[in-house]
Amino acid sequence: MKKKLTNNLGLKLGSLVLAVVIWLLIQSVADPLTTKTLTQTVEVRNEEVLSQQDENYTYSIVSGETARFTISGRSSVINRLSASDFNVYADMSKLSIVDAVPVEITPKAYVDSNVEILPQSNTLQIELDELTTIQRDVTVTTSGTPADGYAVGSTSCEPSLVTISGPKKILENADRLVVSVNVEGRSSDFSEDVQPVLYDKNGDMITAETVDIELENPVRVNVEIWRTQTLDVILDFSGVTAADGYAITGTAYSPQQIVVTASDEDMEKSEIISRGSVTYSIPGEENLTETTEGVFPIADYLGDNLRLVDSDLRENGITYQITVEEEVSASWPVSFENIQLIGENSNFTYRLASGDDTVSITVTGTEENLDSARSDTSQKSQFYLDVTNCDEPGEYSATISASLPENISLAPGQEVAIIVEEAQPQTQTGSQSEESGQ
């Protein structure tokens, strides 16, 4: 038996070595070595070391808050690993004189021992700072849109004042402490627990771990959802006048409808809600010579109980415009036979003293209105001469009056010279004469 085992021993050993080599080659092809680069937030350990040295000191991170490192090993192992499989931390007990802490990276206990963490040089740079305390009122904000016909009413929270501690340099720039709730589709009151968020004066979120919002429990936010009501807006421009020689050619304002909200009790008591509209007279704009714009502060008009749903409208009000144009004069030729005689006597005839058949009448208005009146036959003008006092033949001066389209006026003081004559008796026809002879 021994002879059989030792027979061709060299060949057998060579075969074994070859088999191992082939196995290693197969493994290297089927499961090769590979690397992966990971990124992880640095955990700060032993922070109490700073307070032990001076309880009035804390720190803020300047750089190195995240670490980037590379691992190596068999692809079957490496491909299953992520950054969370490693401890990435900076030990404050190893703080250097330049306020830097080396970042250490170790695999968690269950990670394959053959996984290698390649050398890295991650460093957490901090800045020592005085520990300070501030207080901030809690601001409630909402996102989303309530159900149709509803709006966010009053909001409140408990606590409404919160103490915050942290590095002085960070908290000096702290601005608002905010709790935000989503009101999408809501149609009734509700309450919600929310973790507050601290913002700086630039509107950026403060996320430093050394900032402590001192709360045992989340902030309790209470939101009332109120019904809404759409109201018409009526602006009265009757007190607005233009200067002599000018005309108001148009008024406009926007929006012409608003949506308000209030508690059920305030809705029932409101005269504005009962009326369904907001009416406001534009105050004494007089003797205008140019187009004028203004703002109606509707939020002030509504008072404390009714609130506009549109926040922009609350701040900016309703804008209005009064369009003013300079008037011009125009001469309109009018046939004398188209002028209606007031107080006409059938015993007299009337004609122009000039011998003409037409009268040139001066009217005033904006160019646009005058052109419109000329081109639109539906806007008929009627002119009148008062001949009531022309009670015997002779020459008279009669005053012109008129009924004109809107925004067109008759120039004042216009008179026309006319001749009044006895009316001639009518001649009888031939047939009438024959009948009278019979």
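Rules of the game
- Residues numbered from 1 in each chain as written.
- Predicted model: local features only at pLDDT ≥ 70, side-chain atom pairs only at ≥ 80, totals over all residues.
- Heavy atoms only, no water.
- Phe/Tyr/Trp six-rings, centres within 6.5 Å; stacked < 30°, edge-to-face > 60°.
- Helix = DSSP H or I, 4+ residues; strand = E, 2+ residues; numbered from the N terminus.
- Buried < 20%, exposed > 50% of the residue type's maximum accessible area, 1.4 Å probe, protein only.
- Lys NZ or Arg CZ within 6 Å of the ring centre and 35° of its normal.
- Pairing = 2+ DSSP bridges.
- Axes fitted to C-alpha atoms, helices over the stretch in contact; angles between N-to-C directions.
- Salt bridge = Lys/Arg side-chain N within 4 Å of Asp/Glu carboxyl O.
- pLDDT = per-residue confidence, 0-100.
- Contact = heavy atoms within 4.5 Å.
- Lys, Arg positive; Asp, Glu negative; His and termini not counted.
- Polar contact = N/O pair within 3.5 Å; in protein donor to acceptor, adjacent residues only side chain to side chain.

Draft legend 1. Representation of the packing of aromatic side chains in the model. This structure, assessed with the given rule, holds 6 aromatic pairs. Ring plane angle 65° and centroid distance 5.6 Å describe the contact between Phe 69 and Phe 86, whose orientation is recorded as edge-to-face. Of this pair, Phe 69 sits in strand S4 (residues 66-74) while Phe 86 sits in strand S5 (residues 86-91), placing them 17 residues apart in sequence. Under the relative-accessibility criterion, Phe 86 is labelled buried at 2%. When the ring of Phe 296 is compared with that of Tyr 301, the centres are 5.7 Å apart and the planes differ by 70°; the resulting orientation is edge-to-face. Taking relative accessible area as the criterion, Phe 296 reaches 1% and is therefore assigned buried. By relative accessible area, which is 34% here, Tyr 301 ends up partly exposed. By the ring-pair criterion, three or more aromatic residues cluster together here, those being Phe 237, Tyr 253 and Tyr 320. A cation sits over an aromatic face here: Arg 45 above Tyr 89, 3.8 Å from the ring centre. The ring of Phe 190 carries Arg 186 above its face, with NZ or CZ at 3.7 Å from the centroid.

Draft legend 2. Representation of the sheet that holds strand S19 (residues 292-296). Read across the sheet, 3 strands follow the order S16-S21-S19 without closing on themselves; strand pairing throughout is antiparallel. In the strand order of this sheet, the two ends are held by strand S16 (246-254) and S19, each with one partner. On average, each strand axis in the sheet is inclined to that of its neighbour by 20°, with strand direction left out of account.

Draft legend 3. Structural detail: the pattern of salt bridges. Within the structure shown, the criterion is met by 10 salt bridges. Across the salt bridge formed by Lys 169 and Glu 127, the nearest N and O atoms sit 3.4 Å from each other. Pair noted here: Lys 169 is in helix H5 (residues 168-171) and Glu 127 is in strand S8 (residues 123-143), with a separation of 42 residues, a long-range link. Owing to a relative accessible area of 51%, Lys 169 belongs among the exposed residues under this scheme. Note that Asp 193 and Arg 220 form a salt bridge whose closest N and O atoms lie 3.0 Å from each other.

Draft legend 4. Molecular detail of the sheet that holds S4. Strand order in the open sheet formed by 3 strands is S1-S4-S7, and the pairing between neighbours is antiparallel. Among the strands making up the open sheet, the edge pair consists of strand S1 (33-41) and strand S7 (116-117). Bridge count for S1 against S4 is 9 bridges, and the pairing is antiparallel. Looking across to S4, one finds that Thr 34 is bridged to Gly 73.

Draft legend 5. The confidence of the model for the chain, seen in detail. Residue-level pLDDT values for the chain average 87, and 89% of them are 70 or greater. Overall, residues 430-438 carries pLDDT values under 50, and its contacts beyond four positions in sequence, including any with other chains, amount to 1 contact.

Draft legend 6. A look at the side chain of Asp 85. When you line up the elements, Asp 85 lands in the loop between helix H4 (75-78) and S5. Lys 108 provides the closest opposite charge to the buried, unpaired Asp 85, separated from it by 6.3 Å. Reaching out from Asp 85, the side chain makes a polar contact with the backbone nitrogen of Ser 82 at a distance of 2.8 Å.

Draft legend 7. Representation of the environment of Gly 294. Looking at where Gly 294 falls in the secondary structure, it is placed in strand S19. Along the sequence, Gly 294 and Gln 321 sit 27 residues apart, while their C-alpha atoms lie 6.5 Å from each other. Sequence-distant contacts of Gly 294, defined by excluding residues within four places in its chain, comprise Ile 318, Thr 319 and Tyr 320.

Draft legend 8. Geometry of unusual backbone geometry. Here the bond from Glu 158 into Pro 159 is cis, since omega is 0°, no more than 30 degrees from zero. Examined against the element boundaries, Pro 159 turns out to sit in the loop between strand S9 (150-158) and strand S10 (161-167). Cis geometry marks the peptide bond from Ser 254 to Pro 255, where omega comes out at -5°. Relative to the helices and strands, Pro 255 resides in the loop between S16 and strand S17 (257-261). Positioned with a positive phi, Asp 99 is a non-glycine residue whose angle comes to about 60°. Mapping Asp 99 onto the fold places it in the loop between S5 and strand S6 (100-107). If you check the backbone angles, Asn 287 has positive phi at about 55° while not being a glycine.

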